[in-house]
Amino acid sequence: MAEIIDGKKISTDIKNEIKEKVRKLNEEGIEVSLAVILVGSDPASTVYVNNKKKACEFTGIKSLSYELPEETTEEELLSLIEKLNNDKAVNGILVQLPLPGHINEDKVIRSINPDKDVDGFHPESVGRLSIGARGFVSCTPAGIIELLKRSDVEIEGKNCVVIGRSNIVGKPMAMLLLRENGTVTICHSRTKNLKEIASAADILVVAVGKPRIIDGSYIKEGAAVIDVGIHRTGEGNKLCGDVDYASASEVAGKITPVPGGVGPMTIAMLMNNCYEAAVMQNGR
């Protein structure tokens, strides 16, 4: 039976570390602040924003909340972002996605100053990652690296397979594993022999967006399995991931559960990015 990689515990450890780092910055007269912009009242987005506010409160990061009505125009949103870009008291800017249909998400993401792009979505942030320059990394992949390291999973020299090629998870995940000297294969909907490739992985990261699509037959004995998916299915609307946990946990060496695996790490790494933004902007 696989050892569970406890994302709740690891994320709490990271937030406690950030809390101490933020306290030390405060002693030097430096306040860390995050501006969060929510357009509309999407229920899931509202929950995510509230969780981010709670994490800010826990770590001592000042949270600036901008909750805008659904009918906010693209021009009004871009104007607010420009104001926050120019405000030296704001270290990080996060626009909660998805945005209403009349607003161009790509244009909004590109309007954020890359030095304040704590979500790591700006094309310049992605470029910095690809060449190994200092910058912000998308929070979920960054959190997965921390899960592996803090669970004593060696990445260097290991065969790493990422299933999924999204800009938010799959692609940055592959680049981060490569940065840690893993040998990386990216698989996707057009990949042939997926089971054969996946079952050769020492580290398997699954970010497909389909419930329980990867079962134990795709997994190498003793592999570390990271499940990025989150879905509500079946009776009782229970949560599950992209991995069939029951069969996978019989084969894997270590595995993340859903919930309680990757999810809590995303916000922990957002807090870390906010701290790093304050450090960078203050010439540290």
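Please read all numbers here as calculations on a predicted model, not as lab measurements.

A. Spatial organisation of the overall build of the chain. Helix and strand counts for the chain come out as 10 helices and 11 strands. Within the chain, the fraction of its 284 residues that count as buried is 48%. Within the chain, contacts between residues at least 6 apart in sequence are counted, and of these 70% link residues at least 24 apart. For the chain, the accessible surface area stands at approximately 13,500 Å², while carbon and sulfur atoms represent 49% of it. Separation between the mean location of the 34 positive side-chain charges and that of the 39 negative ones in the chain comes to 1 Å.

B. The sheet that holds strand β11 (residues 254–255), seen in detail. Read across the sheet, 6 strands follow the order β1-β11-β8-β7-β5-β6 without closing on themselves; strand pairing throughout is parallel. Edge positions in the sheet fall to β1 (3–4) and β6 (183–187), since each has one partner strand and no second. Here strand β5 (residues 159–163) pairs with β6 via 5 bridges, running parallel. Within the sheet, the bridge partner assigned to Val162 lies in β6 and is Ile186. The strands touched by helix α7 (residues 170–179) are β5, β6 and β7 (203–206); relative to β5, the strand with the most contacts, the crossing angle is about 170°.

Conventions adopted
- Each chain has its residues counted from 1, following the order in which its sequence is written.
- pLDDT decides what is reported in this predicted model: residues at 70 or higher carry local features, side-chain atom pairs at 80 or more are listed and counted, and totals for whole chains, interfaces and linings draw on all residues regardless.
- Side-chain measures here rest on the full set of heavy atoms in the structure, leaving out hydrogens and waters.
- Helix numbering and strand numbering both begin at the N terminus, where a helix is a DSSP run of H or I of at least 4 residues and a strand a DSSP run of E of at least 2.
- For every residue, the accessible area obtained with a 1.4 Å probe (protein chains only) is divided by the maximum for its type, and the residue is called buried under 20%, exposed over 50%, and partly exposed between those limits.
- It only takes one pair of heavy atoms within 4.5 Å for two residues to be counted as in contact.
- We get accessible surface area from the Shrake-Rupley algorithm with a probe of 1.4 Å; when it comes to residues, only the shown protein chains can shield them.
- The charge count includes Lys and Arg as positive and Asp and Glu as negative, but it does not include His or the ends of the chains.
- Where a charge lies is defined by one atom per residue type: Lys uses NZ, Arg uses CZ, Asp uses CG and Glu uses CD.
- Between any two strands, at least two bridges found by DSSP are needed for them to pair.
- An axis is simply a line fitted to the C-alpha atoms; with a helix, the fit covers only the stretch in contact. Between two such axes, the angle follows the N-to-C directions and lies from 0 to 180 degrees.

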